[in-house]
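Chain by chain, the residues:
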Amino acid sequence: VHAFRDVYFQHGKRIVDLTYGSEGGWWKRHRPDGLVVSTHDFTDLPYLTGDFDTVCYDPPYVQVGGPATSGRVAREHRDRFGLNEPDRSEAQLLALIKNGAAEASRITAPAGFLCFKAMDFTGSGRFCDWTYHIHAHMLGLGMALHDEVVHNAGSGPGGHNIEAPKRARRAHSKLLVFTWGNR
């Protein structure tokens, strides 16, 4: 953790979290100097091109549990990103994430880093390989994958409360670090 922090969240650098939310979960262990907490629509940011040394982007994916079982923070998350809209399709959600990624890359400095949280999931009985879509989209924007950090957040492959599994439960997310061009 320290090595990651020392590379991407260096003292004196301008760092922005585009999806901070009400609790700022990324910053529980380390809150860097110069952190800007953005509460703006991440698809239409007021910042200048190349304004930040490190851009952190943790877009909405899938909430664990439904509205009845999710807590206050999860409800706020769904409301903030429009996930409570009953007609929002998977394609619309992916388009929202890609639009935010375009803005995030725009405000990343030429020698900067874009730290992009990504996760794959199973929805409606089919595997959604969003990490692949994100990686391809970022390459199309001119950014290259610089680093990948896997974060294990669950009880292991398959989960612990699945009665008739068809696929392994996702117990991890990835932090994809992009830079401009190949470095």
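Quick look at the structure, then. Small disclaimer: the values here were computed from a predicted structure and weren't measured.

**Observations concerning the state of the cysteines**
Link 1 in the chain: Counting across every chain of the model gives 0 disulfides.
Link 2 in the chain: Unpaired in terms of disulfides, Cys56 finds its nearest cysteine sulfur in Cys115, a separation of 4.9 Å.

**Section: the side chain of Asp17**
Link 1 in the chain: When you line up the elements, Asp17 lands in strand E1 (residues 15-17).
Link 2 in the chain: A polar contact of 3.0 Å, which involves the side chain of Asp17, links it to the backbone nitrogen of Thr19.
Link 3 in the chain: Not counting residues within four places of it along the chain, the set of residues in contact with Asp17 comprises Trp27, Leu35, Val36, Val37, Ser38 and Cys56.

**As for the packing of aromatic side chains**
Two numbers describe a pair of aromatic rings. These are the distance of the centres and the angle of the planes.
Link 1 in the chain: Following the criterion strictly, the structure yields 6 aromatic pairs and no others.
Link 2 in the chain: Note on Tyr47 and Phe52: the rings are 5.0 Å apart at their centroids and 90° apart in plane angle, and the pair reads as edge-to-face. One exposure class covers both Tyr47 and Phe52, and it is buried.
Link 3 in the chain: For the ring pair Tyr57 and Phe116, a centre distance of 4.9 Å and an interplane angle of 80° mean the geometry is edge-to-face. Taken as a pair, Tyr57 in strand E3 (residues 52-57) and Phe116 in strand E4 (residues 108-118) lie far apart in primary sequence, 59 residues in all. Each member of the pair, Tyr57 as well as Phe116, carries the same accessibility label: buried.
Link 4 in the chain: One aromatic cluster in this structure is built from Phe42, Tyr57, Phe116 and Phe178.

**Observations regarding the pairing of E4**
Link 1 in the chain: Burial within E4 is extensive, with 8 of its 11 residues counted as buried.
Link 2 in the chain: Bridging between E3 and E4 involves 5 bridges; their strand directions are parallel. Its bridge partner lying in E4, Cys56 is registered against Cys115.

**Focus on the environment of Thr39**
Link 1 in the chain: The topology assignment puts Thr39 in the loop between strand E2 (35-37) and E3.
Link 2 in the chain: Under the relative-accessibility criterion, Thr39 is labelled exposed at 67%.
Link 3 in the chain: C-alpha separation for the pair Thr39 and Leu18, spaced 21 residues apart in sequence, amounts to 7.1 Å.

**A closer look at the packing of helix H3 (residues 90-106) against helix H4 (residues 130-140)**
Link 1 in the chain: At a minimum axis distance of 11 Å, the contact between H3 and H4 shows a crossing angle of 40°. As far as their axial angle goes, H4 and H3 are oblique. Relative to H4, the crossing made by H3 is right-handed. Residues Glu90, Leu93, Leu94, Ile97, Lys98, Ala101, Ala102 and Ser105 of H3 touch H4, and the partners they reach there are Trp130, His133, His137 and Met138.
Link 2 in the chain: Grouping the constituent residues of the contact of H3 with H4 by class yields 7 nonpolar, 3 polar and 2 charged.

Rules used throughout
Residues numbered from 1 in each chain as written. Predicted model: local features only at pLDDT ≥ 70, side-chain atom pairs only at ≥ 80, totals over all residues. Heavy atoms only, no water. Disulfide = S-S within 2.5 Å. Helix = DSSP H or I, 4+ residues; strand = E, 2+ residues; numbered from the N terminus. Polar contact = N/O pair within 3.5 Å; in protein donor to acceptor, adjacent residues only side chain to side chain. Contact = heavy atoms within 4.5 Å. Phe/Tyr/Trp six-rings, centres within 6.5 Å; stacked < 30°, edge-to-face > 60°. Buried < 20%, exposed > 50% of the residue type's maximum accessible area, 1.4 Å probe, protein only. Pairing = 2+ DSSP bridges. Axes fitted to C-alpha atoms, helices over the stretch in contact; angles between N-to-C directions. Parallel < 35°, antiparallel > 145°, perpendicular 65-115°, else oblique. Left-handed = near helix turned anticlockwise from the far one by under 90°. Nonpolar A, V, L, I, M, F, W, Y, C, P; charged D, E, K, R; others polar.

Everything listed here is a matter of geometry and, on its own, says nothing about what the molecule does.
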